[in-house]
Amino acid sequence: MTLAPLGAAVPPMTAHAISVSLPTWEDNIAYEEGDKRVIDAMVTGYPRFFIHRSIQKLAKVCEQKFGATGERSMLFPTRKIAEGCREFMVRRSSAEGSPVSARIVEFVICPDNTMTNGAGPSCVELHIVLFPADSFPLAKQFWQHSGLGISSRLAERCLSMLPDEARPATPTSPSIPSKPSNRHYSAKPARPLPTPKSDTSPADAEEENLDRDHANYLEERYGRNLPAGAAEAAKRAMRRRIAGVLVHDSPSDWAAAGQKEAELGPSTRGVKELSEDDVFLFPTGMAAIWNAHQAALGSLPVNKSVCFGFTYTDTLKILQKWGPGCHFFGYGLDSDIEELDRLLAKEVAENPGRPPVLALFTEFPSNPLLRSPDLPRLRQLADKYDFLIVVDDTIGNYVNVAVLPYADIVVSSLSKIFSGDANVAGGSLVLNPKGRHYSELKTYFGKNFEDTFFDEDALYMERNSRDFKRRIRIIDQNAEAVCDFLRSRSLASSPNNKSLVIKEVYYPKYTTLENYKRCHVPEPDAGFGGLFSLTFTTSKAARVFFDTLPCYKGPSLGTNFTLACPYTLLGHYTELDWAARYGVEADLVRVSIGMEDRAKLLADFEQTLQAAEATIVNA
């Protein structure tokens, strides 16, 4: 059953959706292979991998106005970020022996259609990085890894202020350059995506049907937006909500959450001294991670970091491509902590007088294997050897787990369950005021933090997040019920049953449970989150299960609706063998459970599982 056709926005008819429908296993493979059938059908995509069509339009304006023949562009909200992109491109290309020439142009766009040298309160500054067209994949790496490019809503704001004659036609195909392979690990070359030959595509036709007034109506209805002037209050409300200092955060209090009259109290995040001033908002979750690493590099003696566990792919890329590199402990198990301890002791013996590593980055739990590291033990090592701990709690979320007492920095993708509606991106970074290096980190952000979270995006995010706690309770319970059912029909429960097709259900309740419980919030309704992954006895069973599952299919997680994807194919297509070494199998299916009726969910999963099990019976 397909809830959304191939290439459609997920959620459907949402102008700024952050997922895209890839409803079958073959569609996902075809996407990775750059198949024209799939690429031409895509209306949108995950924001850091797919250049939104509004951004494409604006980039075309900038290239026509400022570019030389054969130049492409990337658009950023500040000069500092643009310089970071240029530095990345020059450094990486120089290491390959062919330095790229990139330049930066500032473009100020104002409502009266006049371009000035100074931006007024209603004007928008764009900082354009221009470079040879064949260097676009390198620029795209910075866009993808850092998460600091302009948002689609900001692009639309800019386009709305340009004279009509300056606006180009809708691009004829999505801008998805070939994915660069992970050179450190990959054995397979990335395949280039084809250039469509036709002037129009199904994606163009669908976008044209969503005219601006219609798109605004849909966003008003589903985004439940606030007046634009409330952006600063919305950001303040979110910082307070994330800090856990709002004494009252119920429907009758939501409008005042960002105002002076809001009642504040000690933080509920496990460190009572935490305040809204220790919370920093970013345009994406990866931007929060990128900035956490930059803060570590800028506050402490430069050294390699540690990636502990099989984290989301771009976290590892950040640690590899900025700074002196990283040590990778891809399993993230307790035995790895012993190996890490030996490494740290060896580094100290060889270089006494300086910390052996800069920082340790980890997820709690991890994506996609849902493993939880032993944070108290890692904290002991950090205190002993004087390095930072950075924890991504996106999957667990702070309603269910309290990781801040063990971390110096906690990062999270607000695009996920904090928002839930999948119509806006954002990220947060929280400093632990009790951390050993809090003073240096706070000073760093005081000097270097730039608020690039576009106001309109912040408005949608704040409104979406108001009932976050209520939603996660429903999702927790739904996910636990589904996982209990699936595990009862897996080899983990009946290892000798030859008719079963599920090998393992990866879910915090069954995966490194003791480590998860160490950080579990002591509330009776705190759960295990909405994400789980499945592995199968055969590839055919995995494919039938995925294709049969009657839910939305596409990238992302933490949505109010159930969303599934063949995670390893999308995240590690060019390095499948490497991922498999760490238990992330090529046929793994990741599912993010939503708020649907629980009985209906269970019935859907039972029907789906029966179809997958029939592949064994009929073999």
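Look up a bit, the structure's there.
Rules behind the numbers
- Residues numbered from 1 in each chain as written.
- Predicted model: local features only at pLDDT ≥ 70, side-chain atom pairs only at ≥ 80, totals over all residues.
- Heavy atoms only, no water.
- Helix = DSSP H or I, 4+ residues; strand = E, 2+ residues; numbered from the N terminus.
- Buried < 20%, exposed > 50% of the residue type's maximum accessible area, 1.4 Å probe, protein only.
- Contact = heavy atoms within 4.5 Å.
- Areas by Shrake-Rupley, 256 points an atom, 1.4 Å probe, with all protein chains shown as cover.
- Pairing = 2+ DSSP bridges.
- Axes fitted to C-alpha atoms, helices over the stretch in contact; angles between N-to-C directions.
- Parallel < 35°, antiparallel > 145°, perpendicular 65-115°, else oblique.
- Left-handed = near helix turned anticlockwise from the far one by under 90°.
- Core = buried A, V, L, I, M, F, W, Y, C linked by side-chain atoms within 4.5 Å.
- Salt bridge = Lys/Arg side-chain N within 4 Å of Asp/Glu carboxyl O.

(A) Examining the overall build of the protein chain more closely. Helix and strand counts for the protein chain stand at 21 helices and 17 strands. Across the 619 residues in the protein chain, those meeting the buried criterion constitute 60%. Across the protein chain, the fraction of contacts at a sequence separation of at least 24, relative to all contacts at a separation of at least 6, is 74%. By element, 51% of the accessible surface of the protein chain is carried by carbon and sulfur atoms, the whole surface being about 23,700 Å².

(B) Representation of helix α1 (residues 25-33) within the structure. Burial runs high along α1: seven of the nine residues are buried. Taken together, the buried positions of α1 are occupied by W25, D27, N28, I29, A30, Y31 and E32. Buried residues along α1 sit against α2 (36-39), α18 (539-548), α19 (567-572) and β17 (589-592). G34 lies just past α1 and shows a positive phi near 75 degrees.

(C) The arrangement of the pairing of strand β5 (residues 124-132) in detail. The buried count for β5 comes to seven of nine residues, which makes it a mostly enclosed element. In terms of strand pairing, strand β3 (residues 71-76) meets β5 through six bridges, oriented antiparallel. For E71, the partnering residue across the bridge sits in β5 and is P132. In terms of strand pairing, strand β4 (residues 103-109) meets β5 through seven bridges, oriented antiparallel. Within β5, the residue paired with E106 across the bridge is H127.

(D) Looking closely at the packing of helix α10 (residues 285-299) against helix α11 (residues 313-321). Here α10 crosses α11 at 25 degrees, and the two axes come no closer than 10 Å. Judged on the interaxial angle alone, α11 and α10 are roughly parallel. Considering the relative orientation of α10 and α11, their crossing is right-handed. Listed contacts from α11 to M286, I289, W290 and H293 of α10 are D314, T315, I318 and L319.

(E) Spatial organisation of the sheet that holds strand β14 (residues 531-536). As summarised here, the arrangement of the five strands in space is β13-β14-β17-β16-β15, forming an open sheet in which the pairing is mixed. The strands lining the two open edges of the sheet, one partner per strand, are β13 (502-506) and β15 (552-553). Pairing analysis gives four bridges linking β13 to β14, with the strands arranged antiparallel. Each bridged residue has a counterpart across the sheet, and for E504 the counterpart in β14 is T535. Sheet contacts for helix α16 (residues 468-488): β13 and β14; angle to β13, the most-contacted strand, approximately 155 degrees.

(F) Highlighting the sheet that holds strand β7 (residues 305-308). Here we have seven strands laid out as an open sheet, ordered β6-β12-β11-β10-β9-β7-β8, and mixed in their pairing. In the strand order of this sheet, the two ends are held by β6 (279-282) and β8 (326-329), each with one partner. Pairwise comparison of adjacent strand axes, ignoring direction, gives a mean angle of 20 degrees for this sheet. With five bridges connecting them, strand β9 (residues 359-363) and strand β10 (residues 388-392) associate as parallel partners. Looking at β10, one finds that T362 is bridged to V391. Packing of helix α12 (residues 334-350) onto the sheet brings it into contact with β7, β8 and β9, and relative to β8 it is tilted by some 155 degrees.

(G) Main features of the nonpolar core. Judged by nonpolar contacts, the single largest core of 98 residues is most densely connected at L58, F76, V129, F131, I150 and L429. Per-element tally for this core: the top contributor is α10, with nine residues. Setting aside residues up to four positions removed in sequence, F76 forms contacts with I81, A82, C85, E125, L126, H127, V129, F142, W143, L148, G149 and I150. If you look at the next biggest cluster of nonpolar residues, it comprises 79 residues, including F387, V391, I502 and F532.

(H) How the structure looks around the pattern of salt bridges. Overall, the coordinates contain 35 salt bridges when judged by the stated rule. For E71, the salt bridge goes to R103, with nearest N and O atoms at 2.8 Å. Remark: R103 occurs in strand β4 and E71 occurs in strand β3; sequence separation between them is 32 residues. One salt bridge connects R466 with E462, and the closest N-O pair in it is separated by 3.1 Å. For the pair formed by R466 and E462, the shared burial category is buried. Salt bridges sharing common partners tie together R241, D249, E462 and R466.

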